[in-house]
Amino acid sequence: MDLDLSFKAIERIIWDDPGRRGVHHLTLPGDLARAATSLLAARRVTIVTGFYIIDEQTYETDGPPGARAIGHALELLEIPVEFLVDSFGAVILRKGGLQPVGEAHRDSSRPLDCTHLIAVERLGRAADGRYYSMRGRDISSVTEPLDQLFIDAAHQEIVTIGIGDGGNEIGMGKVSDMVMSHIPHGGTISSTVATDFLITAGTSNWGAWGLVAALSLLAGRNLLPNVEEATNHLSNLIDADCCDGVTGRRELSVDGLAIESYLAPLPKLHELIDPFLQS
Ligand code: ZN
Ligand code: ZN
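Report follows, based on the coordinates. No experiment lies behind these values; they were computed from the predicted model shown.

### Section: the packing of aromatic side chains
Now for step 1: Under the defined criterion, the tally for this structure stands at four aromatic pairs.
Now for step 2: Ring geometry for Tyr52 and Phe88: centres 5.7 Å apart, planes at 90 degrees, overall edge-to-face. Of the two residues, Tyr52 is situated in strand E2 (residues 52–53) and Phe88 in the loop between strand E4 (81–85) and helix H4 (90–95); the sequence distance between them amounts to 36 residues.
Now for step 3: A residue is classified by how much of its surface remains accessible, and Phe88, at 39% relative accessible area, is partly exposed.
Now for step 4: A ring pair is formed by Trp209 and Tyr262, whose centres lie 5.1 Å apart and whose planes are at 45 degrees; its orientation type is tilted. Within this pair, whereas Trp209 is found in helix H8 (residues 204–219), its partner Tyr262 is found in helix H10 (residues 259–263), the two being separated by 53 residues in sequence.
Now for step 5: Judged by relative accessible area, which is 2%, Trp209 ranks as buried.

In C-alpha cells form, the structure reads like this:
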C-alpha cells in the first residue's frame, strides 16, 4: 500500500462514529496527513487538553489520553513537549498521567515558546464568546480561555492542529458551517476557533491515535501506544477521579464507549502501519 492510501485508511478507521454524532459531516480529508507532515518537523510542541464535566466536577476521559499518546510519540522523536491545561485542572490531570503540565493564567504577554500548538478535545469559543457543552449548556465558568492561544498563534507563525469529535472544540471553526447545519445545538455550540489542520474522529482520543499512526508512517517507526498502555492511560485518569464525559461514570469508558469499543481502532491502526514499517 502506498503512503497516501495508508493515510486514507487511517482516516477511515478514526472516522468510525459509534456515538452517531454525525462525524462524517465534519471531516476534512487530507488534513491528517498534512498535520503529521508538519508535526514531524516541529522543534517544540505545546498540547492543550482537558474538558470539564460540570455536573461531575471533574475532567472527562476523552482528551488527556490522546494528548498523552501524542506527547509520548513526540518524546520518542526527541521533540520537546509541554501540556497546558486549566489552572484548576493541573493537579487532577497531572495525577492522571500528563507530564509536564503547565497551567493557564501564565504571563499572557510572553509569547508561547513552541513551533506547534495542538488541542485535543478542548473547547473553542462560540460566536457569542461563550463555551458550550455538546448539549448546549454554557460551561464558561469552568473553561479558561486557552483557545486564545490558538487565535494568537495565527500571528506568531505557530502551526495549529485541532482534534475534536463534536463541533464545539478548538479547530472546529474550520468547519463551523457544517457544525451549524448538521450537529444538534450546532447554532449555539459551534466553535469559531479554526486551526491550520483539523482532525475529526469518532472520539477525540482516536483522532490523536490517528495522528500518531500517520506520524509513525512518516517517521518509519511505530510510535503508537499498545492496547495495554492505552488501557493504563485510561485507568490512570479514573484513579485521578476523571469520568466518562457522556455517562458521567467513573469507569473505564470514553464518550459512552465501553473499553472494548473504545480500544477497537488501536489494533487496526497497528495492523495498518506495522507491515509498512517492515517493508
Ligand atoms: Zn468533544
Ligand atoms: Zn469526546
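So, next bit.
### Here we look at the side chain of Thr200
Now for step 1: Along the chain, the position of Thr200 falls in strand E8 (residues 197–200).
Now for step 2: For Thr200, a relative accessible area of 2% gives the class buried.
Now for step 3: At 2.8 Å, the side chain of Thr200 forms a polar contact with the backbone oxygen of Leu26.

### Points about the packing of helix H3 (residues 64–76) against helix H9 (residues 227–239)
Now for step 1: Where H3 meets H9, the axes come as close as 10 Å, and the angle between the chain directions of the two elements is 130 degrees. Judged by the angle between their axes, H3 and H9 are oblique. As H3 runs across H9, the sense of the crossing is right-handed. Residue-level contacts link Pro64, Pro65 and Arg68 of H3 to His233, Asn236 and Leu237 of H9.
Now for step 2: Counted by class, the contact of H3 with H9 contains three nonpolar, two polar and one charged residues.

### A few points about the coordination of the zinc ion (ligand 1)
Now for step 1: Around the zinc ion (ligand 1), the donor atoms from the protein are Glu121 (OE), Glu121 (OE), Asp165 (OD) and Glu169 (OE), and they sit 2.0 to 2.5 Å away.
Now for step 2: Taken together, the four donor atoms coordinating the zinc ion (ligand 1) and their angles of 54 to 129 degrees define a geometry best described as irregular.
Now for step 3: Motif for the zinc ion (ligand 1), donor spacing along one chain: E-x43-D-x3-E.

### Observations regarding the pattern of salt bridges
Now for step 1: In total, this model carries 12 salt bridges according to the counting rule given.
Now for step 2: For the salt bridge of Asp255 with Arg21, the shortest nitrogen-to-oxygen distance reads 3.5 Å. Highlighted residues: Asp255 in the loop between strand E9 (253–254) and strand E10 (257–258) and Arg21 in the loop between helix H1 (3–14) and helix H2 (31–40), separated in sequence by 234 residues.
Now for step 3: With a closest N to O distance of 2.8 Å, Arg130 and Asp138 form a salt bridge.
Now for step 4: Take Arg130: its relative accessible area is 39%, and that puts it in the partly exposed class.
Now for step 5: A single salt-bridge network, built from bridges that share partners, covers Arg21, Asp165 and Asp255.

### A closer look at unusual backbone geometry
Now for step 1: For the bond running from Gln99 to Pro100, omega is -10 degrees, close enough to zero to count as cis.
Now for step 2: With respect to the element layout, Pro100 can be found in the loop between H4 and strand E5 (101–103).
Now for step 3: Even without being glycine, Asp241 reaches a positive phi, approximately 75 degrees.
Now for step 4: If you trace the backbone, Asp241 turns up in the loop between H9 and E9.
Now for step 5: Given the relative accessible area of 37%, Asp241 is considered partly exposed.

Conventions used here
Residues numbered from 1 in each chain as written. Chains lettered and ligands numbered in written order. Predicted model: local features only at pLDDT ≥ 70, side-chain atom pairs only at ≥ 80, totals over all residues. Heavy atoms only, no water. Phe/Tyr/Trp six-rings, centres within 6.5 Å; stacked < 30°, edge-to-face > 60°. Helix = DSSP H or I, 4+ residues; strand = E, 2+ residues; numbered from the N terminus. Buried < 20%, exposed > 50% of the residue type's maximum accessible area, 1.4 Å probe, protein only. Polar contact = N/O pair within 3.5 Å; in protein donor to acceptor, adjacent residues only side chain to side chain. Axes fitted to C-alpha atoms, helices over the stretch in contact; angles between N-to-C directions. Parallel < 35°, antiparallel > 145°, perpendicular 65-115°, else oblique. Left-handed = near helix turned anticlockwise from the far one by under 90°. Contact = heavy atoms within 4.5 Å. Nonpolar A, V, L, I, M, F, W, Y, C, P; charged D, E, K, R; others polar. Donors = N, O, S within 2.8 Å, 3.2 Å for Na, K, Ca; no water. Tetrahedral: all angles 85-135°; square planar, octahedral: opposite > 155°, others 65-115°. Salt bridge = Lys/Arg side-chain N within 4 Å of Asp/Glu carboxyl O.

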